[in-house]
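# Secondary and tertiary structure notes
Chain residues, written in single-letter form:
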Amino acid sequence: MQVRRDIRLADLTTLAVGGPAERLVEVTDAAELVAAVREADEARRPLLVLGGGSNVVAPDEGWPGDVVAVRTRGIERSGAVLTVQAGEDWDGLVAHTVANGLAGIEALSGIPGSTGATPVQNVGAYGQEVAQTITAVRVYDRAEKSERTLSPEECGFAYRDSRLKRDPSRFVVLDVTFALEESADSSPVGYAELARRLGVELGGTAPLAAVREAVIELRRGKSMVLDPADPNSRSAGSFFTNPVVPAERAVDGCPSWPTGDGLVKLSAAWLVEHAGFGRGTRQGNVGTSSRHSLALTTEPGATAAELLAFADRVTASVQEQFGVTLVREPTAVRP
């Protein structure tokens, strides 16, 4: 366990905003992670747990307590079941599954961040989400002061949501177990844009490596793959989730997809663009990506306050023009 006092949160997050951390504690195994959390709780120091920092808007004033950076590593395999330490790089894990003939998360290639963050957000893209393959999440329960294993039902997965996200101060993810399928081909492709890129019918399959390559190409074309040479990738990916509304409240002209129970999912990107915030809209040091209106990006010198104010303007404009409420995808951390 290493403790440092010379780090800014901007250095630990993909949006590159945020002030100094009072104490940065880097942990390399689950026991160290639990010990660091317990120590902070017992000393009543404010605690912020960070993985890859790809889904966080960190506060400009910094963090007046402990920032625990999860650097735990390890992948255990039993047949097609993988138990993965929280600090494992997510895209590295996806690459590992593709290389080893395990299907189920290949369409989630190129997503930045750590494995432990994926059940919190119920990460999803291109027709897959982690809730489809997660069978268990081992956590440290700060309320009960003990380790426990949550079933998928206990995780309460929903669209880009979970019980872990709804109660962020309680659970710290230690490892995640995925049940995959031993196959050289992908799971059925459930996203039209990806199916077209692969040249297969919706619901068809393709070689795992081809799916991974196609997804990364699609994401890179939208600057959704981290690249120091691409300023548009200085983001948290999609900043807003696609709104789910009753079918009768669908917006004329806005792409939508039925989700069951009389509900439809609207394109947040379309709403943002048609509310006056098209690609490349800038205000100060923040704005929409020039490649994708759903990604908000920062420039050197940007602040969290500036970014959140811009996001609020986008939200207010969409609400005023279309009567639809956008929900932020990244978490805005408060000391």
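Residues numbered from 1 in each chain as written. Predicted model: local features only at pLDDT ≥ 70, side-chain atom pairs only at ≥ 80, totals over all residues. Heavy atoms only, no water.

Where strands meet in a sheet, backbone hydrogen bonds hold them as pairs that are either parallel or antiparallel. Taken together, the 3 strands give an open sheet; going across it, the order is β16-β18-β17, and neighbouring strands pair in antiparallel fashion. The strands lining the two open edges of the sheet, one partner per strand, are β16 (244–246) and β17 (256–260). The mean inter-strand angle of the sheet, taken between neighbouring strand axes irrespective of direction, is 40 degrees. In this structure, β16 lies alongside strand β18 (residues 263–266), joined through 3 bridges in antiparallel fashion. Note on β18: the bridge partner recorded for valine 244 is lysine 265. (Pairing = 2+ DSSP bridges. Helix = DSSP H or I, 4+ residues; strand = E, 2+ residues; numbered from the N terminus. Axes fitted to C-alpha atoms, helices over the stretch in contact; angles between N-to-C directions.)

On to the nonpolar core. The biggest cluster of nonpolar side chains holds 53 residues, and the ones touching the most others in it are Leu33, Trp90, Val137, Phe178 and Leu194. It is strand β13 (residues 171–179) that contributes the most residues to this core, 6 residues altogether. If sequence neighbours within four positions are ignored, phenylalanine 178 has contacts with Ala80, Val81, Leu82, Val84, Trp90, Leu93, Thr115, Thr118, Val130, Thr133, Ile134 and Thr135. Counting residues in each nonpolar core, the second largest holds 31 residues, with Phe240, Leu296, Ala311 and Val314 among its members. (Core = buried A, V, L, I, M, F, W, Y, C linked by side-chain atoms within 4.5 Å. Buried < 20%, exposed > 50% of the residue type's maximum accessible area, 1.4 Å probe, protein only. Contact = heavy atoms within 4.5 Å.)

Another point: helix α2 (residues 90–99). Among the residues of α2, Trp90, Asp91, Leu93, Val94, Thr97 and Val98 are the ones counted as buried. Down the axis of α2, the buried set is contained in an arc of 155 degrees. They therefore lie on one face. Elements in contact with the buried residues of α2: β6 (75–78), β7 (81–85), β8 (102–103), α3 (118–121), β13 and α7 (208–221). A side-chain oxygen of the first residue of α2 lies 3.4 Å from the backbone nitrogen of aspartate 91; this N-cap is aspartate 89. Immediately downstream of α2, the backbone of glycine 101 shows phi near 65 degrees, a positive value. (Arc of directions from axis to C-beta. Polar contact = N/O pair within 3.5 Å; in protein donor to acceptor, adjacent residues only side chain to side chain.)

The subject of this paragraph is the pairing of β17. Here 4 bridges tie β17 to β18, and the two strands are oriented antiparallel to one another. Across the sheet, proline 258 pairs through a bridge with valine 264, a residue of β18. Hairpin connection, β17 to β18: the antiparallel pair is bridged by 2 residues, and aspartate 261 has positive phi, about 60 degrees.

The next point concerns the environment of alanine 247. Summarising the element assignment, alanine 247 is placed in the loop between β16 and β17. Counting along the chain gives 58 residues from alanine 247 to valine 189, while the straight-line C-alpha distance between them is 25 Å. Not counting residues up to four positions away in its chain, the partners in contact with alanine 247 are Gly262, Leu263 and Val264.

Here the second largest pocket defines a volume of roughly 170 Å³. Every residue lining the second largest pocket is counted, 13 residues in all, and those nearest its centre are Gly51, Gly52, Asp89, Gly113 and Ser114. Considered class by class, the residues forming the lining of the second largest pocket number 3 nonpolar, 7 polar and 3 charged. (1 Å grid on protein atoms, 1.4 Å probe; cavity = no way out; pocket = protein on both sides within 12 Å on 5 of 7 lines; lining within 4 Å. Points joined across faces, edges and corners; volume = space filled by probe spheres on them. Nonpolar A, V, L, I, M, F, W, Y, C, P; charged D, E, K, R; others polar.)

With respect to the element layout, serine 317 can be found in helix α9 (residues 304–322). Once you skip the residues sitting within four places of it in the chain, serine 317 turns out to touch Ala275 and Phe277.

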